[in-house]
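# Examining the three-dimensional arrangement
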Amino acid sequence: MTSIPIGTDLVRACEEMLARLVAFDTTSAKSNLAMIAYMETELAALGFRSRRIPSANGAKANLFATIGPDVAGGTVLSGHTDVVPCEGQRWSTDPFEMTLKGNRFFGRGTSDMKAFIACAMAAAPLFASRALSRPIHFAWSYDEEVGCIGAPAMIREIVRDIPRPAAVIVGEPTLMKIVGGHKGVRLCTVTIRGHAAHSSLTHLGMSANMVAARLMTDLIAIEQDLIRRSQADNGLEPPHSTLTIGLINGGTAVNILAQDCSFTFDLRCTPDQSPDAVMAPFLAAVERHDREIRARFPDCGIDVTISADVPPFAPEPDGAAVTCVRRLTGDNHSLGLVPYGSEAGQFQSAGLSTVICGPGSIEQAHQPDEFIGRDQIAQCAAFMERLAEATA
């Protein structure tokens, strides 16, 4: 028998479920399997049909679960199970024990984004008790916080194996407002292998740091061009694509030509810009420098690796997902756009109509003493009730 409360007080059930989920330490560096197993067991008792989509090493998994008929036109509720680390942050409470202060619940993941998952899980008995005309699907992923790594394998199985859903609702924290677009995210690491020599004998070596500096100068020029091409009225803040260099590591001593250097940059493109096109001049410069280096020192060179590549999420003003959520929330305002990335672009790229809407505030995401207001949980609980009514 499921331990999920079945009754009229769905809000309380959502709060209790959130406390259970916060207690699972699913920091991205750790496994999420305990949380997945808990949800899988609870849903199985209600008649949900579930499957795990594991990571390559088996240490983590996505969970895809369905209730209702095996027909097209269903609704996917999507959320990520992982949370960001708490180390180095000053918390006044235990981040993995949900604490109520006033009308706020504190704990890691309360806003980002276990509250949405908790509300869906708490509403699962309600979904299971209805004679649904279309299915409701849960899509719980891993490793969203480190580059949206887990969701693509699950999305491939959704597209391949089940009748096509009508809408995907990604429950990132939006204060239950409709968000219809965001920038894409591409993270790249550039590794330069130079040739060490005494700093007074520069003709005998090749400084990896100096090569890196030239390449970073090229990236700064691209970043400035992105600002010049800004479209101030596109609804994004900032309105232009952004490029930042976040990590640099190179050299061993001030009087040695650096043998190794690496740096990582973050490119976030607006939906109308291709990251491949933005990076093309830089990759041409990399190729030119690589040829010059290898001509002098064949064992040296430059490598560029992409560690994350999250597609942008383009607005669908009249899409099925937006229409669905407008009906469920009553929010008929213009679509909001946000600067952060999510799995929404991955669902959309697979041909699925997608929207972002969930409880909590993005301002709380990744913060010490992260919290969510009780009113947000109540709003999301009402959202789930209306979804059950609309799907029956």
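Our structure's up above, just so we're on the same page.
The sections below set out a description of the structure shown in this document. Nothing here was measured: the structure is a model prediction, and the numbers come from that model.

What counts and how
Residues numbered from 1 in each chain as written. Predicted model: local features only at pLDDT ≥ 70, side-chain atom pairs only at ≥ 80, totals over all residues. Heavy atoms only, no water. Salt bridge = Lys/Arg side-chain N within 4 Å of Asp/Glu carboxyl O. Helix = DSSP H or I, 4+ residues; strand = E, 2+ residues; numbered from the N terminus. Buried < 20%, exposed > 50% of the residue type's maximum accessible area, 1.4 Å probe, protein only. Pairing = 2+ DSSP bridges. Axes fitted to C-alpha atoms, helices over the stretch in contact; angles between N-to-C directions. Contact = heavy atoms within 4.5 Å. Expected span 1.5 Å × (residues − 1). Arc of directions from axis to C-beta.

## Quick word on the pattern of salt bridges
Inspection of the entire model under this criterion finds 17 salt bridges. Residue Asp225 is joined to Arg228 by a salt bridge in which the shortest nitrogen-to-oxygen separation is 3.7 Å. Highlighted residues: Asp225 and Arg228, both in helix α5 (residues 208-228), separated by three residues, approximately one helical turn. Asp225 gets classed as partly exposed once you look at its relative accessible area, which sits at 27%. A salt bridge links Asp225 to Arg229, with the nearest nitrogen and oxygen atoms 3.0 Å apart. A residue is classified by how much of its surface remains accessible, and Arg229, at 48% relative accessible area, is partly exposed. A single salt-bridge network, built from bridges that share partners, covers Arg51, Glu157, Arg160 and Asp161.

## Structural notes on the sheet that holds strand β10 (residues 242-250)
Across the sheet, which stays open at both edges, the four strands sit in the order β10-β11-β9-β12 with antiparallel pairing between neighbours. Every interior strand has two partners, whereas the edge strands, β10 and β12 (301-310), have only one. Averaged over neighbouring strand pairs, the angle between their axes works out to 15 degrees when direction is ignored. Where α5 meets the sheet, its contacts fall on β9 (185-193), β10, β11 (260-268) and β12, and the angle it forms with β11 comes to roughly 10 degrees. Along the sheet face, helix α6 (residues 275-296) touches β9, β11 and β12 and points at about 160 degrees away from the line of β12.

## Considering the pairing of β11
Note: β9 against β11, eight bridges, orientation antiparallel. Bridge assignment links Arg193 to a residue of β11, and that residue is Asp260. Of the strand pairs in this sheet, β10 and β11 are connected by eight bridges, and their pairing is antiparallel. Following the sheet pairing, Gly250 is matched in β11 by Cys261.

## A closer look at α5
Compared with the 30 Å implied by 1.5 Å per residue over 21 residues, the 31 Å span of α5 between its first and last C-alpha is a close match. All of the buried residues along α5 are Ala208, Val211, Ala212, Leu215, Met216, Leu219, Ile222, Glu223 and Leu226. Taken down its axis, α5 places every buried residue within 130 degrees of arc, on the same side. Elements that come into contact with the buried residues of α5 comprise β9, β10, β11, α6 and β12.

## Topic: the environment of Met17
Looking at where Met17 falls in the secondary structure, it is placed in helix α1 (residues 10-22). Residue Met17 is classed as buried on the basis of its relative accessible area, which comes to 0%. Between the alpha carbons of Met17 and Phe127 there is a distance of 16 Å; along the sequence they are 110 residues apart.

## Here we look at unusual backbone geometry
With an omega dihedral of -15 degrees, the bond running from Asp112 to Met113 counts as a cis peptide bond. Of note, Met113 is situated in helix α3 (residues 110-129). Omega for the peptide link from Glu237 to Pro238 comes to -5 degrees, which places this bond in the cis form. With respect to the helices and strands, Pro238 occurs in the loop between α5 and β10. Positive phi, normally seen in glycine, also occurs at Cys148, with a value near 50 degrees. When you line up the elements, Cys148 lands in the loop between β6 (136-141) and α4 (151-161). Positive phi values are uncommon outside glycine, yet Leu175 reaches one of about 60 degrees. The exposure class of Leu175 is partly exposed, given its relative accessible area of 42%.

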